[in-house]
Amino acid sequence: MTSLSNTRAMDRLIAIMARLRDPVGGCEWDLAQDFASIAPYTIEEAYEVADAITRQDMPALREELGDLLLQVVFHARIAEDAGQFAFADVANAISDKMEARHPHIFGSEDPDGQSRQDRWENAKAAERAAKGATSALEGVALALPALMRAEKLQKRASRVGFDWPDPAGPTAKVVEETAELAAATTDAERLEEAGDFLFAAANLVRAYGIAPEDALRAANAKFERRFRGMEALAGGSIAGRDLAAQEALWQAVKSDEKSQA
């Protein structure tokens, strides 16, 4: 698709949203929305993009990317209606940011020996400092899934030296937190210790160079696949079978998977 075609397509979408938000002839539902009311849809669309990628479904990915782009245009239109900023401001802001974070590509600087990741992280740190950040942890979005946010917090702390040098430290911490969870006697204590355990587990996984969110997503998919396999072997449901019978089905499914690997 040519640059002109891209521009026309983007202009068309922006014009459609402006029409939907027109106070005179617009859509009642679209006019009633604000940032907060559509934020859950924005998050949902991002997950649907990720799901299409995981399934390697390109027609679905094209559709879901469109749905996600609509969310950006929607937020920008709400802001424009309020006299705050417009879509062009959003696009220019991210363009400026990407150019600033890649001086070795868009600027006159020669590569300085930093890795791509270090250059990227240092540029982001400089941006946060320019905005008045007072902590290495500042800017980690509260709305992130808890496991993903735990990893980001741990990475930020690691960049200033607060980290174990190898997996032995986080392994011991997981053992410690497991014992503390078992020893908890009240609901409040169990909630706190369960959180500490999960945070420690995320840190241990990260120590092996694995993204905890990716690992858990894969584990969820594996559990669902195997549970459905159990149901298939049981003729539709495992309800009413005792634990030994259920375990036998689980092991049968695992064995079948290994034989097909």
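Just above sits the structure.
These numbers were taken from a predicted model, which means no experiment stands behind them. (Residues numbered from 1 in each chain as written. Predicted model: local features only at pLDDT ≥ 70, side-chain atom pairs only at ≥ 80, totals over all residues. Heavy atoms only, no water.)

S.K.: Please provide a residue-by-residue account of the overall build of the protein, values included.
M.R.: On a plain count of helices and strands, the protein comes out with 12 helices and zero strands. Listed N to C, the secondary structure of the protein is α-α-α-α-α-α-α-α-α-α-α-α in terms of helices and strands. In terms of overall dimensions, the protein is more spread out than a globule: its C-alpha atoms have a radius of gyration of 24 Å, far above the 18 Å expected for 261 residues. Across its three principal directions, the C-alpha atoms of the protein cover 65 × 50 × 45 Å. Burial analysis of the protein (261 residues in total) assigns 21% to the buried set. Per element, the accessible surface of the protein, about 17,500 Å² overall, is 59% carbon and sulfur. Averaged over its 30 positive side-chain charges, the protein has a centre that lies 4 Å from the centre of its 44 negative ones. (Helix = DSSP H or I, 4+ residues; strand = E, 2+ residues; numbered from the N terminus. Rg over C-alpha atoms; globule rule 2.2 N^0.38 Å. Buried < 20%, exposed > 50% of the residue type's maximum accessible area, 1.4 Å probe, protein only. Areas by Shrake-Rupley, 256 points an atom, 1.4 Å probe, with all protein chains shown as cover. Lys, Arg positive; Asp, Glu negative; His and termini not counted. Charge placed at Lys NZ, Arg CZ, Asp CG, Glu CD.)

S.K.: So, the packing of helix H9 (residues 168–183) against helix H10 (residues 187–207): which residues are in play, and what are the values?
M.R.: The interhelical angle for the contact between H9 and H10, taken along N-to-C directions, is 165°, at an axis separation of 9 Å. It follows that H9 is roughly antiparallel to H10 by the angle criterion. Seen along the crossing, H9 lies across H10 with a hand that is left-handed. Taking contact as the criterion, the partners of Pro170, Thr171, Lys173, Val174, Glu177, Thr178, Glu180 and Leu181 in H9 are, on H10, Arg190, Glu193, Ala194, Asp196, Phe197, Ala200, Ala201, Asn203, Leu204 and Ala207. Broken down by class, the residue content of the contact of H9 with H10 amounts to nine nonpolar, three polar and six charged. (Axes fitted to C-alpha atoms, helices over the stretch in contact; angles between N-to-C directions. Parallel < 35°, antiparallel > 145°, perpendicular 65-115°, else oblique. Left-handed = near helix turned anticlockwise from the far one by under 90°. Contact = heavy atoms within 4.5 Å. Nonpolar A, V, L, I, M, F, W, Y, C, P; charged D, E, K, R; others polar.)

S.K.: Could you give an account of the packing of helix H3 (residues 35–54) against helix H4 (residues 58–81), with specific residues and numbers?
M.R.: Any two packed helices are characterised by the angle at which their axes cross and by the distance between the axes. Running from amino to carboxyl end, H3 crosses H4 at an angle of 160°, the nearest separation of the two axes being 9 Å. Between H3 and H4, the interaxial angle falls into the category roughly antiparallel. Remark: the crossing between H3 and H4 carries left-handed chirality. On H4, the residues that touch Phe35, Ile38, Ala39, Tyr41, Thr42, Glu45, Ala46, Glu48, Val49, Ala52 and Ile53 of H3 are Ala60, Leu61, Glu64, Leu65, Asp67, Leu68, Gln71, Phe74, His75, Ile78 and Ala79.

S.K.: Lay out H3 in plain terms, naming residues and giving numbers.
M.R.: Residues three or four positions apart in an α-helix share a direction because the helix packs 3.6 residues into each turn. Its 20 residues give H3 an end-to-end C-alpha distance of 28 Å, which sits within 8% of 28 Å, the value for a rise of 1.5 Å per residue. Listed as buried for H3 are Ile38, Glu45, Val49 and Ala52. All buried residues of H3 lie within an arc of 65° about the axis, which places them on one face of the element. Among the exposed residues of H3, those pointing more than 90 degrees away from its buried face are Ala36 and Thr54. Summarising the contacts, the buried residues of H3 are in contact with H4. Of the residues that open H3, the one with a side-chain oxygen 3.2 Å from the backbone nitrogen of Ala36 is Asp34. Gln56, located one to two residues past H3, shows a positive phi value of around 55°. (Expected span 1.5 Å × (residues − 1). Arc of directions from axis to C-beta. Polar contact = N/O pair within 3.5 Å; in protein donor to acceptor, adjacent residues only side chain to side chain.)

S.K.: Please set out the side chain of Glu45 residue by residue, giving values where relevant.
M.R.: Relative to the helices and strands, Glu45 resides in helix H3. Notably, Glu45 is buried but unbridged: the nearest opposite-charge side chain belongs to Arg55, and the N-O separation is 10 Å. If sequence neighbours within four positions are ignored, Glu45 has contacts with Glu64, Asp67, Leu68 and Gln71. (Salt bridge = Lys/Arg side-chain N within 4 Å of Asp/Glu carboxyl O.)

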